[in-house]
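Structural description and commentary
So the chains spell out like this:
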Amino acid sequence: MSAVDYGREALDFIEGLGAYRRVPDAMDALETAFNRFGFEHMIVTGLPNPDQRFSQMVLAKRWPAEWFKIYTERNFDRVDPVIRKCRQTVNPFEWSEAPYDTELEPGAVEVMRRAADFRMSRGFVVPIHGLTGYEAGVSLGGVNLDLNARSKPALHLMAMYGYDHIRRLLDPAPHPSTRLTPREREVIAWAAQGKSAWEIGEILSITQRTAEEHLATAARKLGAVNRTHAVAIAIRHRIINP
């Protein structure tokens, strides 16, 4: 598919997911959407602190029951290189980009090997870092995946929106509504089209720094953790048109 096709896929997904009011139904929609990219399993979860258990942090999942049992009983989250990298970056990454030492980290070797036993030999993760320090992630796994420079931005947006929707279904407390200024709407609208802060500055005849400040302010008002999350929320609430 072209970049435009991937973008339309993501926007159609965002527009449709808002109609689901139950977590199982939303997860069905997520599963169907990510299946189109070759993913067979997914999990939406917070990242546990040392005194927390992984099973307590999971918001929703579509993992094989036996794999989840093995993962939690053996505390694989403590040695999983994917979780470690998820804590260290805000950028999406493939599982293969999570480094570990095969000689010094036998636990990491085992967790990746066992994941492959359940048809999760490859994967893609979208880290989520909240403004209050909360850490979470959406992890997608499979074998034959459609992962390329065009599909990854679409998957990033879909995962961020999916996480936000699941979180709101589980915690339906109303989010304080804050009106964006016309300029903040503009920068979010351009960000939704994939424009960088520099490009937005050129389009709107403002400096890159001013564009970045508007993006940061808009994200904060929307309760977003980053600009991609802000775009997803803005589309969801029809603050901007997809």
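Preceding this paragraph is the structure being described.
Being a predicted model, the structure only gives us computed values, none of them experimental.

**Things to note about the pattern of salt bridges**
Following the criterion strictly, the structure yields 17 salt bridges and no others. Note that Lys152 is salt-bridged to Glu94, the shortest N-O span being 2.8 Å. Here Lys152, found in helix H7 (residues 151-170), pairs with Glu94, found in strand S3 (residues 93-94); they are 58 residues apart in sequence, far enough to count as distant. Taking the relative accessible area as the measure of exposure, Glu94 reaches 16% and is therefore buried. Here Arg183 ties to Glu186 by a salt bridge, and the two come within 2.9 Å at their closest N and O atoms. One end of the pair, Arg183, and the other, Glu186, are both in helix H8 (residues 182-192), three residues apart, so they sit about a helical turn from each other. Judged by relative accessible area, Arg183 falls into the partly exposed class, the value being 29%. Salt bridges here are not isolated pairs; linked through shared partners, they connect Asp28, Glu31 and Arg62.

**Side note on the packing of aromatic side chains**
The geometry of an aromatic ring pair comes down to the distance between the two centres and the angle between the two planes. According to the stated counting rule, one finds 12 aromatic pairs in the structure shown. On the numbers, 6.4 Å between centres and 25° between planes, the contact of Phe54 with Trp63 is stacked. We classify Phe54 as buried; its relative accessible area is 4%. Taking relative accessible area as the criterion, Trp63 reaches 15% and is therefore assigned buried. Taken together, the ring pairs connect Phe54, Trp63, Trp67, Phe68, Tyr71, Phe76 and Phe118 into an aromatic cluster. In this arrangement the basic side chain of Lys61 is found over the ring face of Phe68, its NZ or CZ atom lying 4.4 Å from the centre. Over the face of the ring belonging to Phe93 we find Lys85, whose NZ or CZ atom lies 5.5 Å from the ring centre.

**Details of helix H4 (residues 65-73)**
All buried positions along H4 are accounted for by Trp67, Phe68, Ile70, Tyr71 and Thr72. The elements touched by buried residues of H4 are helix H3 (54-57), strand S2 (58-62), helix H5 (81-88) and helix H6 (106-117). Two residues or fewer past H4, Asn75 is found with a positive phi of approximately 50°.

**Remarks on empty space enclosed by the protein**
Inspection of the entire model under this criterion finds two cavities of 30 Å³ or more. In this structure, the largest cavity encloses a volume near 240 Å³. The wall of the largest cavity is formed by 20 residues, among which Tyr71, Asp80, Val82, Ile83 and Ser139 lie closest to the centre. Secondary structure elements with two or more residues in the lining of the largest cavity: strand S1 (39-46), H4, H5, H6 and strand S5 (135-142). Size it by volume and the second largest cavity reaches roughly 30 Å³.

**Some points on the sheet that holds S5**
To summarise the sheet geometry, strands pair through backbone hydrogen bonds and adopt either a parallel or an antiparallel arrangement. The sheet built from five strands is open, its strands ordered S2-S1-S5-S4-S3 with antiparallel pairing. Lying at the two open borders of the sheet, with one neighbouring strand each, are S2 and S3. Examined bridge by bridge, S3 and strand S4 (residues 122-129) share two bridges and lie antiparallel to one another. Residue pairing across strands places Phe93 opposite Val125, the latter belonging to S4.

Calculation notes
Residues numbered from 1 in each chain as written. Predicted model: local features only at pLDDT ≥ 70, side-chain atom pairs only at ≥ 80, totals over all residues. Heavy atoms only, no water. Salt bridge = Lys/Arg side-chain N within 4 Å of Asp/Glu carboxyl O. Helix = DSSP H or I, 4+ residues; strand = E, 2+ residues; numbered from the N terminus. Buried < 20%, exposed > 50% of the residue type's maximum accessible area, 1.4 Å probe, protein only. Phe/Tyr/Trp six-rings, centres within 6.5 Å; stacked < 30°, edge-to-face > 60°. Lys NZ or Arg CZ within 6 Å of the ring centre and 35° of its normal. Contact = heavy atoms within 4.5 Å. 1 Å grid on protein atoms, 1.4 Å probe; cavity = no way out; pocket = protein on both sides within 12 Å on 5 of 7 lines; lining within 4 Å. Points joined across faces, edges and corners; volume = space filled by probe spheres on them. Pairing = 2+ DSSP bridges.

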